[in-house]
Amino acid sequence: MENVFLQEIVTLCLKMDKHAIKVYRHFSQTTENKDLSKFWDKMSQEESQHVNCWNDLLSLVKEKIIPQIFTQPEITLDELKENYKKIKKISKESTTSTDLTQNFVLAFRLEFYLLHPALERIWHFYSIIRKESYNPEHEYENHVHQFILAMHQFGAATIELEVLGETIERMWQHTRNMAQEANFDALTGILNRRGYFNAMLSLAYLAKRNKFYSAVLMIDIDHFKRINDTAGHQTGDVVLKKVADIIKKNIRASDILGRFGGEEFIVFLPQIEKKSIFALAEKIRKAVQEESKDNIAVTVSIGGTARKITGKVETDIDELIKQADTYLYEAKRKGRNQVIC
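Parameters at a glance
Residues numbered from 1 in each chain as written. Predicted model: local features only at pLDDT ≥ 70, side-chain atom pairs only at ≥ 80, totals over all residues. Heavy atoms only, no water. Helix = DSSP H or I, 4+ residues; strand = E, 2+ residues; numbered from the N terminus. Buried < 20%, exposed > 50% of the residue type's maximum accessible area, 1.4 Å probe, protein only. Contact = heavy atoms within 4.5 Å. Areas by Shrake-Rupley, 256 points an atom, 1.4 Å probe, with all protein chains shown as cover. Lys, Arg positive; Asp, Glu negative; His and termini not counted. Charge placed at Lys NZ, Arg CZ, Asp CG, Glu CD. Phe/Tyr/Trp six-rings, centres within 6.5 Å; stacked < 30°, edge-to-face > 60°. Expected span 1.5 Å × (residues − 1). Polar contact = N/O pair within 3.5 Å; in protein donor to acceptor, adjacent residues only side chain to side chain. Pairing = 2+ DSSP bridges.

## Topic: the overall build of the chain
Counting its regular elements, the chain contains 12 helices and 5 strands. Expressed as lengths along the three principal axes of its C-alpha atoms, the size of the chain is roughly 75 × 45 × 35 Å. In the chain, which comprises 341 residues, the proportion classed as buried is 52%. Relative to all contacts within the chain whose residues are 6 or more apart in sequence, the contacts with residues 24 or more apart total 76%. Accessible surface computed for the chain: about 16500 Å², of which carbon and sulfur atoms make up 49%. Here the chain holds 48 positive side-chain charges and 47 negative ones, and the gap between their average locations is 6 Å.

Below, the structure is given as structure tokens:
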């Protein structure tokens, strides 16, 4: 049922952007100003790129590669349905609009209903799976700002329109900030536990489909309480951020890093050769020790394990984490500052 909700959400977003293409294409074809026509055509082309991404996302959802990322998908779906009704009305109004200012009013209204917070959450996880692809998440802010610039360039600016444009721009910035707070750890800048598990599931489904070996590394800072007690909590925060940066620097762009809790980090490697796991973990351990030796001496203990994901993804992932955690505690029991895989 949850996947059905997600599929409906993505389908609605796809339909809304298709209406945006029609609106901007109509504006481009009906204006006599060549430069303005090029602007509307550019906006239409950008919406076409968004539609391509929605189609790709829809296929990923149907393959159950995108997890249910909404805590209340029914509410999100109802909100989008209301927005879709309003967008269809705007699309209809645009076919009879010939006034320049009115066109910008319709465009701003359209963008307002397109920029639902659901978009940011979806595009965030899309970026994890399609790292090298075009991603609207990074383009929407510029997309909206272009309307504000064009409004002034072509003489359609009014106080009301300026306020509307700035409001939409700030709304998107606020939406992105909220998504960051929901999925990322404020101190270290890496994924928090919730964001990590959603991202991990997406990549785990891909790994299962491609029959890859996947691995989990559990990494714990040794004697972290002692650092806090002797050097202070501010220094402890610096150490946490430094270790997160070192781990991130020593894994691949395709791997994901999260803060599991306290001084513990978790890495998911969706595709790796079994024989490479120890080498990677040892590389991280040595890097932490080496890069911290001139300040506060910091070491980490690491437990790791790998397997092919062949059964239920959630179950296999849970088993990977439990095994890696077992090896982590064995590494700590045997004296810390070592790797057991």
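Picking up after the structure, the text goes on.
## A short note on the packing of aromatic side chains
Aromatic ring pairs are reported here in terms of the distance separating the ring centres and the angle at which the planes meet. Within the structure shown, the criterion is met by 15 aromatic pairs. Ring geometry for W40 versus F147: centroids 6.3 Å apart, planes at 50°, classification tilted. Of this pair, W40 sits in helix α2 (residues 34-62) while F147 sits in helix α6 (residues 140-153); the two residues are 107 residues apart in sequence, bridging distant segments of the chain. A relative accessible area of 0% means that W40 is categorised as buried. F147 gets classed as buried once you look at its relative accessible area, which sits at 1%.

## A few points about helix α8 (residues 193-210)
With 18 residues, α8 ought to run about 26 Å at 1.5 Å a step, and its terminal C-alpha atoms sit 25 Å apart, in line with that. At the N-terminal boundary of α8, the capping side chain belongs to N192, with an oxygen 3.2 Å from the backbone nitrogen of R194. Just downstream of α8, K211 is the residue with a positive phi angle, here 60°.

## A look at the environment of L320
Summarising the element assignment, L320 is placed in helix α12 (residues 313-333). Overall, the relative accessible area of 0% leaves L320 in the buried class.

## Focus: the pairing of strand β1 (residues 213-221)
Counting buried residues along β1, 8 of its 9 residues qualify, which places the element largely inside the surrounding structure. Of the pairings in the sheet, the one linking β1 to strand β4 (residues 300-308) comprises 9 bridges and is antiparallel in character. In the sheet register, S214 faces β4, and the bridge partner there is R307. Summarising the sheet, β1 and strand β3 (residues 264-269) pair through 6 bridges and their orientation is antiparallel. From the neighbouring strand, L217 faces β3, where its bridge partner is V267.

## Re unusual backbone geometry
Its identity as a non-glycine residue notwithstanding, K211 has a phi of 60°, on the positive side. By the element assignment, K211 lies in the loop between α8 and β1. One non-glycine residue, R336, lies in the positive phi region at around 70°. Locating R336 in the fold gives a position in the loop between α12 and β5 (339-340). Residue classification places R336 among the partly exposed residues on the basis of a relative accessible area of 29%.

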